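Residues per chain are reported as follows:
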Amino acid sequence: MVRFSTRTFLLEHLQFFTSLVKFMRNPCVDAGLIPPLVQLLNCKDQEVLLQTGRALGNICYDSHEGRNAVDHAGGAHIVVDHIRSLCSKTDPASEKLLTVFCGMLMNYSNENDTLQSQLINMGVIPTLVKLLGIHCQNAALTEMCLVAFGNLAELESSKEQFAYTNIAEELVKLFKKQIEHDKKEMIFEVLAPLAENDVIKLQLVEAGLVECLLEIVQKTVDSDKEDDIAELKTASDLMVLLLLGDESMQKLFEGGKGSVFQRVLSWIPSNSHQLQLAGALAIANFARNDGNCIHMVDNGIVQKLMDLLDRHVEDGNVTVQHAALSALRNLAIPVVNKAKMLSAGVAEAVLKFLRSEMPPVQFKLLGTLRMLIDAQAEAAEQLGRNVKLVERLVEWCEAKDHAGVMGESNRLLSALIRHSKSKDVIRTIVQSGGIKHLVTMATSEHVIMQNEALVALALIAALELVTAEKDLENAQLVQILHRLLSDDRSAPEIKYNSMVLICALIGSEPLQKEVQSMAFLEVVSKLRSHENKTVAQQASLTEQRLAVES
C-alpha cells in the first residue's frame, strides 16, 4: 500500500499521476499502482475521489491492460456504488464527481462486451437512467450518461434491462429540448440500438418519439445542409425501425386512419430519395398482416408505389426500387389483393426491372411475381408464355453467387407451371432450358422447394411428357427420384409426390426403361408399410403400376 501523509500531498500526487498516466499506462499497471489507487475510492474526501476517478478513467482509456487491472482490483464495483449513493444529489460538487465517475465507466467498458456485461449485471442501467432524469439540466453529466448508454445499448441483455426503466420517456424528453445537431445525433445513437427491442419500440412510440421524428423530417426535407441531410436520414430510418415492432406498427397504423400513417404516405411522392425509401419501407412494414394489406390496396397505395417505381426505371435508385418491390410483395400476400393488383398493372410495372443486374432488386422482383400469380391461373399463363421472363429466370437459376435469387427463380419457374397448368407455359420453359433447374430444385435442402419442384415436374409429365422427355432424361430425374424414395430422411410429401411422378414418367419409353433398370419395385414395396397412410396407399398404387409395366 502506498501511504500519503497529508491530503494536500495526496492531491498533488494524484493530479501528477492523472496527467502522467496518459503517456505511461502500461508502466503504471506493471508497477502495481492500480490496486492502491482503487483503494483510494474508499476515501470520503470528494476531491480525492474526483482525482482518483480521473486517474482511473485515464488508465482505462483505450487500454486493455488498464481495464483488466481496474477490474481485478474491483474498481468498477466501487464506482457503481458511489454513483448509486450520489445519484440524487444535485449540488455542483456531486454532479462534477458523478460526471467523472460516469466517464471512468465509459472508458472502462468501451468496446468490451465482457466488461459491459459486468456493469449490466451490477445493475448500472437503472441507476444511469435515474441519473439522466434527475440531472437532465447538467449538460456534461447528461452527455456522459448518453455515451455510457451508447456503450451498453448494443448488448441484448442491456435492452431487457432498459425495457424495465423509463429510458424511453427520459430520452424523448431530452430530445425535445435539443437544438444543436451534435446533441440530437448523440441521442439518436442511443435510440437506434434500443429501438431494436420490440418492448422499447412501443415505449418510444407512447413517449412521443414519432412526433419528434416527423417534425425533424418536415424541417429538414428541403434543406441542402449536410447536418440537415444527415438528420433527415437518421430520423426517417428510425421511423422505419419503430414500425418493425408489431405492436408499435399497429398502434401507428390506427386502422389506416392514423395521422402518422398518412404522413408517411406523403413521403412516397417526395423528391427526396431518402424519404421515398423510408416511405416505401414503412409501407412494407405496415403490410405485415392481411387486414392492413387489404385496407391499403383498397385505398390506392398500389398506384403510389407503381408511380414511385416508374420514377426509378431508368438509372434509378436501387434501394428505392428494392423497398417499393418489398412493399408490393407484402401487399400481394392476401388472396383478395392478388386480382386487384394484377388488374392495376403491377405485373407489368415489376417486369420493367427484369433487366436489372442488382441481386436485391432481382430477388424482390421474383418474390413479387410469385406472390401475384399464386392461384391466379390466367396471370400465371400470361407470364409463363413471356419468353423474355422465362429466359431471364433460367439465367438466374444459375446465379450461384446469389442463393436468394437462384432459389426465387426456381420457385417462380415452378409456380408458373403449377398455377397455370398450361401446355404453352411448359413448352416455353422446355424451349428455354428450364427443365434441368426444376430437376435440381427437387434435391433442395428445403422441403417446400423440393415439393414445389416435384408437383411442377408431375404436371410436365402429365401434360407434355414427349416435349420434355429428352431434358428429363439428361437431367437424370429418374436417378434423383430413386434417391429420394430410398432416403429415410425424405419427408412423407416428398415420397408421395416422387411416386406420383414415377407413375407419370413410365408413359415415356426411354424413361420407363430407366425406371425398370433401377429396381424401383423393391424401394416402393418397402414404403407400403410407411407410417404415413397416404404414402403407404400411394406405394401400393405405384407398385401395381410398375408391376403391370414391367
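The residue count restarts for each chain, going from 1 along the sequence in the order it is written. For a predicted model such as this one, the threshold for reporting local features is a pLDDT of at least 70, and the threshold for listing and counting side-chain atom pairs is 80 or more; totals across whole chains, interfaces and linings nevertheless cover every residue. Heavy atoms from the whole structure form the basis of all side-chain values; hydrogens and water molecules are not counted.

Asks: Would you explain the nonpolar core in this entry?
Replies: In terms of nonpolar packing, the biggest core is built from 192 residues, with Phe149, Ile283, Phe286, Leu331, Leu472 and Leu505 touching the most fellow members. A run of DSSP states H or I qualifies as a helix once it reaches four residues; a run of E qualifies as a strand once it reaches two. Both are numbered from the N-terminal end. Per-element tally for this core: the top contributor is helix H31 (residues 447-463), with 9 residues. The residues contacting Leu472, other than those within four sequence positions of it, are Ile435, Val439, Leu457, Leu465, Leu477, Leu505 and Leu511. Take the buried residues of types Ala, Val, Leu, Ile, Met, Phe, Trp, Tyr and Cys, join any two whose side-chain atoms come within 4.5 Å, and each joined set is a nonpolar core. Each residue's exposure class comes from its accessible area (1.4 Å probe, protein chains only) as a fraction of the maximum for that residue type: buried when under 20%, exposed when over 50%, partly exposed otherwise. By definition, residues are in contact when any of their heavy atoms lie within 4.5 Å.

Asks: Would you explain the confidence of the model for the chain in this entry?
Replies: Low pLDDT marks regions whose predicted coordinates should not be analysed in detail. Each residue carries a pLDDT score, the predictor's own confidence in it, on a scale running from 0 to 100. Put simply, the chain has an average pLDDT of 90, and 95% of its residues get 70 or more. Across residues 1-5 the pLDDT falls below 50, and counting only partners more than four positions away or on other chains, this stretch makes 6 contacts in the model.

Asks: Can you walk me through the packing of aromatic side chains in this structure?
Replies: How two aromatic rings sit relative to each other is given by the distance of their centres and the angle of their planes. The criterion for an aromatic pair is that two Phe, Tyr or Trp rings (for Trp, the six-membered ring) have centres within 6.5 Å, with stacked assigned to planes under 30 degrees apart, edge-to-face to planes over 60 apart and tilted to the rest. By the definition in use, this model includes 5 aromatic pairs. Feature note: the residues Phe253, Phe261 and Phe286 constitute an aromatic cluster, connected by ring pairs.

Asks: In this structure, what is going on with a negative patch on the surface? I would like to understand it.
Replies: Among the surface-exposed residues, Glu143, Glu180, Asp182, Glu226 and Asp227 lie close enough to one another that they form a single negatively charged patch. In this fold, Glu143 is placed in helix H10 (residues 139-152). Only residues whose relative accessible area exceeds 30% and that take part in no salt bridge are eligible for patches, with like-charged residues grouped when within 9 Å of each other and nonpolar side chains (Val, Leu, Ile, Met, Phe, Trp, Tyr) grouped when within 5 Å. Shrake-Rupley sampling with a 1.4 Å probe provides the accessible areas, and residues are treated as covered by the protein chains on show and by no other component. Any carboxyl oxygen of Asp or Glu within 4 Å of a side-chain nitrogen of Lys or Arg constitutes a salt bridge here. Neither His nor the chain ends contribute to the count of charged residues, in which Lys and Arg are positive and Asp and Glu negative. Here the site of a charge means atom NZ of a Lys, CZ of an Arg, CG of an Asp or CD of a Glu.

Asks: For this particular structure, what's the right way to read helix H7 (residues 92-109)?
Replies: A turn of α-helix holds 3.6 residues, and therefore any two residues three or four places apart point the same way. One less than the number of residues in a helix, times 1.5 Å, gives the span that helix is expected to have. Compared with the 26 Å implied by 1.5 Å per residue over 18 residues, the 26 Å span of H7 between its first and last C-alpha is a close match. Where H7 ends, the next residue or the one after it, Glu111, has phi of about 55°, a positive value.

Asks: Just to check I follow, could you spell out the environment of Gly75 for this structure?
Replies: Looking at where Gly75 falls in the secondary structure, it is placed in helix H6 (residues 75-86). Measuring from C-alpha to C-alpha, the distance between Gly75 and Ala380 comes to 69 Å, with 305 residues separating the pair along the chain. Aside from chain neighbours lying at most four places away, what touches Gly75 is Val38, Leu41 and Val70.

Asks: Explanation requested: the pattern of salt bridges in the structure shown.
Replies: A side chain of one charge can pair with a side chain of the opposite charge when the charged atoms of the two come close. Under the counting rule described, the total for this entry stands at 25 salt bridges. One salt bridge connects Arg84 with Asp81, and the closest N-O pair in it is separated by 3.3 Å. A residue pair is termed a helical-turn pair when its members lie 3 or 4 positions apart in one helix, as Arg84 and Asp81 do in helix H6 at 3 residues. Taking the relative accessible area as the measure of exposure, Asp81 reaches 38% and is therefore partly exposed. Glu381 is paired through a salt bridge with Arg385; the nearest N and O atoms lie 3.6 Å apart. Relative accessible area serves as the criterion here: at 48%, Arg385 is assigned to the partly exposed category.

Asks: Even after reading the chapter, I still don't get helix H5 (residues 64-72), so can you show me in this structure?
Replies: Those residues of H5 that sit buried are Gly66, Arg67, Ala69 and Val70. Mapping the buried residues of H5 onto a view down its axis gives an arc of 160°, with all of them on the same face. At the exit of H5 stands Gly74, carrying a positive phi of roughly 80°. The arc under discussion is defined with respect to the helix axis, by the directions toward the C-beta atoms.

Asks: Before we go on, may I ask you to explain the side chain of Ser236 in this structure?
Replies: Tracing the sequence through the fold places Ser236 in helix H16 (residues 226-242). A polar side-chain atom of Ser236 sits 3.2 Å from the main-chain carbonyl oxygen of Lys233. If near-sequence neighbours (up to four positions away) are discounted, Ser236 is found in contact with Trp267, Gln274, Leu275 and Ala278. In protein, a polar contact requires one atom able to donate a hydrogen and another able to accept it; more generally it is a pair of N or O atoms within 3.5 Å, and residues adjacent in sequence count only if both atoms are side-chain atoms.

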